[in-house]
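# Overview (structure and organization)
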Amino acid sequence: PKLTDRNSVLLSLQIFFLIMRTWLSLFVARLDGQIVRDIIAGRGRKFMLDLVCWFLIAFPASYTNSAIKFLQRKLSLNFRVNLTRYIHDIYLDKRLAFYKLMFDNQSTSSVISNIDNSITNDVNKFCDAICSVFANVAKPVIDLVFFSVYLRDNLGTVGIGGIFVNYFITGYILRKYSPPLGKLVSKRSSAEGDYYNYHLNMINNSEEIAFYQGTQVERTKVNRLYDILMDQMLLVDASKVKYNVVEDYILKYTWSALGYIFASIPIVITTLATGINSEETNMKEFIVNKRLMLSLADAGSRLMGSIKDISQLTGYTNRIFK
């Protein structure tokens, strides 16, 4: 689309709200540290003012989250409209492609099968997947940039470098254990199309089936197609088990433990260098660093999880552009 196109405007607004959400996360992290410091220091008035700010910041934060979801859905719908119209122009043209494909579907070497399911269901899944992949990649990248710049002042260049080294190692491990979701999702969509198309054929040929008493035969065939569909769906879910175990262990628990370690490094170094242990300041810095480290870990986990989303998108892409 052009820069002045409606979708370009929606995409720009989505990026703006993603940046706004990251900035609000930074503000909330600092405010959280101040609230904890005021509680420990017994500053009641300052605590009440910070609490008022907390409730006020909740309004734009809640609106930002809703706006991001709405814009993502709106982009998906617009993308689906454009893609569906393009497919309709090819499918319903003067060459009678829709009529020729009906005979092509009956061939054993058919290139395009279940075209009705691809136009209706696969296009919808493809548009949702591609828009969600953009949001799932853009948001973590923005978080990584903003949080890394802020944490660099507290953790230093070595600390930030250690965090990104951890990211690269994690990405390599997750990529190694990542199942071939693209092929599995493509086969599952094909099985869904076969099952849907067979039900449609039974409706269209219901008179012949009833006349020749073919209920038993049709039930056997449709049950077999349904069993194939269930096997494909279970295969996709089963292939994710090993990956999800490794992902949860590394991203949720290992990264959280490393977050505590990195958040405590500045406090330990300052205390050893000065010999002074300021509990209020140290508590504030630890709370802020811990919250940002957890947010940074969450951003990294979502960025690593996008590997799985991209694999699924590959399967939907193969179903649409074949």
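Residues numbered from 1 in each chain as written. Predicted model: local features only at pLDDT ≥ 70, side-chain atom pairs only at ≥ 80, totals over all residues. Heavy atoms only, no water.

Moving on, we come to the overall build of the protein. Looking only at helices and strands, the protein features 8 helices and 0 strands. Mapped from its N terminus to its C terminus, the protein presents α and β elements in the order α-α-α-α-α-α-α-α. Counting across all 322 residues of the protein, residues that qualify as buried make up 38%. Pairs at least 24 apart in sequence give 83% of the contacts found in the protein among residues at least 6 apart. Accessible surface for the protein amounts to roughly 19,300 Å². Of this, 64% is attributable to carbon and sulfur atoms. (Helix = DSSP H or I, 4+ residues; strand = E, 2+ residues; numbered from the N terminus. Buried < 20%, exposed > 50% of the residue type's maximum accessible area, 1.4 Å probe, protein only. Contact = heavy atoms within 4.5 Å. Areas by Shrake-Rupley, 256 points an atom, 1.4 Å probe, with all protein chains shown as cover.)

In this structure, Tyr167, Leu292 and Leu296 are the most contacted members of the largest nonpolar core, which totals 18 residues. Counting only elements with at least two residues in this core, the list comes to α1 (6-41), α4 (115-177), α7 (215-274) and α8 (279-320). If you tally residues by element for this core, the top one is α8, at 7 residues. Those residues in contact with leucine 296, other than ones at most four positions away along the chain, are Asp143, Leu144, Phe147, Ser148, Leu151, Ile163 and Tyr167. With 14 residues, the next largest nonpolar core counts Ile87, Tyr91, Val185 and Ile320 among its residues. (Core = buried A, V, L, I, M, F, W, Y, C linked by side-chain atoms within 4.5 Å.)

Pairing is possible between side chains of opposite charge, provided their charged atoms come close. With the rule as written, the count across this model stands at 4 salt bridges. Across the pair glutamate 192 and lysine 125 runs a salt bridge whose closest N-O atoms are separated by 2.7 Å. Placement of the pair is glutamate 192 in helix α5 (residues 181-204) and lysine 125 in helix α4, with a sequence separation of 67 residues. Classification of lysine 125 as partly exposed rests on a relative accessible area of 24%. Between lysine 139 and aspartate 143 there is a salt bridge whose closest N-O contact spans 2.4 Å. (Salt bridge = Lys/Arg side-chain N within 4 Å of Asp/Glu carboxyl O.)

Packing of α1 against helix α2 (residues 44-91) leaves a shortest axis separation of 8 Å and a crossing angle of 160 degrees. Taken together, α1 and α2 sit at an angle that is classed as roughly antiparallel. The two elements α1 and α2 meet at a crossing, and its hand is left-handed. In the contact of α1 with α2, the residues fall into 23 nonpolar, 8 polar and 7 charged. (Axes fitted to C-alpha atoms, helices over the stretch in contact; angles between N-to-C directions. Parallel < 35°, antiparallel > 145°, perpendicular 65-115°, else oblique. Left-handed = near helix turned anticlockwise from the far one by under 90°. Nonpolar A, V, L, I, M, F, W, Y, C, P; charged D, E, K, R; others polar.)

Mapping arginine 80 onto the fold places it in helix α2. Sequence spacing of arginine 80 and valine 123 is 43 residues, and the spatial spacing of their C-alpha atoms is 6.7 Å. Discounting residues that sit within four places of it in the chain, arginine 80 has contacts with Thr120, Val123, Asn124 and Cys127.

Our next topic: the side chain of threonine 64. Turning to its location among the elements, threonine 64 is positioned in helix α2. Every residue in contact with threonine 64, bar those within four places of it in the chain, is listed here: Phe17, Met20, Arg21 and Leu24.

A word on a nonpolar patch on the surface. Taken together, the side chains of Leu11, Ile15, Ile19, Phe134, Val141, Val145, Phe146 and Val149 present a nonpolar region at the surface, about 590 Å² in accessible area. The set of elements that each furnish at least two residues to the nonpolar patch consists of α1 and α4. Of the residues forming the nonpolar patch, the biggest block, 5 residues, is contributed by α4. Turning to its location among the elements, isoleucine 19 is positioned in helix α1. (Patch = residues over 30% accessible without salt bridge, like charges linked within 9 Å, V, L, I, M, F, W, Y side chains within 5 Å.)

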